[in-house]
Amino acid sequence: MPRKISSFILVSLLFFSISSVEATVTITDPVGDLRFSFGQGYQDLTEYSIDLQGDTYIFELVLAEPLPSPLPVLPQTVPPFIKQLRWGVSINTDPDLVIRGYPFARGIAGPMEYFAFLRWDGESLFAELINRLPLLDGLPAEITPINYEINSSRDTIQLMVDANLIGNPSQFICGAAAAGDAGRQGSMGNFLVDFAHGAVVSP
Ligand SMILES: [Ca+2]
Ligand SMILES: [Ca+2]
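Quantities reported herein were computed from a predicted structural model and do not represent experimental measurements.

**Q** Sorry, what's going on with the pairing of strand 11 (residues 156-162) here?
**A** Looking along a regular strand, one sees the side chains alternate between the two faces of the sheet. Of the two faces of strand 11, only one is covered, namely that formed by I157, L159 and V161; the face formed by T156, Q158, M160 and D162 stays uncovered. In this sheet, strand 11 lies alongside strand 3 (residues 56-63) in antiparallel orientation, the contact comprising seven bridges. Along strand 11, the bridge assignment pairs V62 with T156. Pairing of strand 10 (residues 147-150) with strand 11, which is carried by four bridges, proceeds in the antiparallel orientation. Within strand 11, the position partnered with I150 by the bridge is I157.

**Q** Which parts of the structure should I look at to understand the nonpolar core?
**A** General note: in soluble globular proteins, nonpolar side chains tend to be found buried as a group. One finds F59, L61, A116 and L159 to be the most contacted residues of the largest nonpolar core, which totals 36 residues. Of all the secondary structure elements, the ones that give two or more residues to this core are strand 2 (45-53), strand 3, strand 4 (84-92), strand 7 (114-120), strand 8 (125-131), strand 11, strand 12 (172-181) and strand 13 (190-201). Those residues in contact with L159 that sit more than four places away from it in its chain are F59, G88, V89, A116, L118, A127, I146 and Y148.

**Q** I would appreciate a short explanation of the sheet that holds strand 3 in the present structure.
**A** Think of a sheet as strands paired side by side through backbone hydrogen bonds, with each pair either parallel or antiparallel. Here five strands make up an open sheet; going across it, the order is 1-2-3-11-10 and the pairing antiparallel. Unpaired on one side and paired on the other, strand 1 (24-28) and strand 10 mark the two borders of the sheet. Averaged over all pairs of adjacent strands, the angle between strand axes in this sheet comes to 15°, irrespective of strand direction.

**Q** Would you mind showing me how to read unusual backbone geometry here?
**A** Outside of glycine, negative phi angles account for most residues, and trans bonds account for most peptide bonds. Looking along the chain, the bond that leaves L74 and enters P75 is cis, with omega of -5°. Summarising the element assignment, P75 is placed in the loop between strand 3 and strand 4. Omega for the bond connecting Y102 with P103 falls within 30 degrees of zero, at 5°, which places this linkage in the cis form. Positionally, P103 belongs in the loop between strand 5 (99-100) and strand 6 (109-110). One non-glycine residue, R154, lies in the positive phi region at around 60°. Examined against the element boundaries, R154 turns out to sit in the loop between strand 10 and strand 11.

**Q** What exactly am I supposed to notice about the environment of G41 here?
**A** Position of G41 relative to the elements: it lies in the loop between strand 1 and strand 2. The spacing of G41 and L67 is 26 residues in sequence and 8.5 Å in space, taken between C-alpha atoms. Discounting residues that sit within four places of it in the chain, G41 has contacts with A64 and E65.

**Q** Would you mind showing me how to read the sheet that holds strand 12 here?
**A** Strand order in the open sheet formed by six strands is 9-8-7-4-12-13, with antiparallel pairing between adjacent strands. Edge positions in the sheet fall to strand 9 (142-145) and strand 13, since each has one partner strand and no second. Within the sheet, the average angular offset between the axes of one strand and its neighbour, ignoring direction, is 20°. Direction of pairing for strand 12 relative to strand 13: antiparallel, over a ladder of nine bridges. What sits directly across from A178, in strand 13, is D194.

**Q** It is not clear to me how the environment of L45 should be interpreted in this structure. Could you clarify?
**A** Tracing the sequence through the fold places L45 in strand 2. Separated by twelve residues in the primary sequence, L45 and D33 have C-alpha atoms spaced 8.8 Å apart. Excluding residues within four positions of it along the chain, L45 makes contact with D29, L61, L63, A176, A178, D194 and A196.

Thresholds applied
Residues numbered from 1 in each chain as written. Chains lettered and ligands numbered in written order. Predicted model: local features only at pLDDT ≥ 70, side-chain atom pairs only at ≥ 80, totals over all residues. Buried ≥ 20, exposed ≤ 12 C-beta atoms within 10 Å, placed from the backbone. Helix = DSSP H or I, 4+ residues; strand = E, 2+ residues; numbered from the N terminus. Pairing = 2+ DSSP bridges. Core = buried A, V, L, I, M, F, W, Y, C linked by C-beta atoms within 7 Å. Contact = placed C-beta atoms within 7 Å. Axes fitted to C-alpha atoms, helices over the stretch in contact; angles between N-to-C directions.

As structure tokens, this is what we get:
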């Protein structure tokens, strides 16, 4: 009897480990489709993908050119106004819900409940998850540091997001973008330099 129980547990573990890594979605995006002439190759998305490994979503962004090393001095001299660079994904877990505010300027609405960004503010490079749901109650958006990785050739960014942080959705719509900001995040002056079309993710 103990042997049978062990076999059952083993089969169950195998089943669950297989079913938990099935959500891989890849979206390609053209090279050279930047929306602003001042955009750089490292702001040109060529592909992004979403993969669920265990309880962690891995959002991977592939760029047409490597991230410079060191990263650009900001504000950039050409154009003279970019004070922050961002690469990341939007996550829309509730199609019926539209939220106003951060990281958009006050009063500006968007359908996404979460954003995951890699940000370069001219001094530090860091990644964060923005939970916009508290805005519905008049509270500030909740910002949580997340892990990120940049590959050795510096043309691929990975953002790691615990599924719990986005409410373990059964389905969501994801989009990817590279942007520059003329002011602080949450103010006007957001330049969406490139974006890739959305993907439906059903983990
Ligand atoms: Ca592109
Ligand atoms: Ca929504």
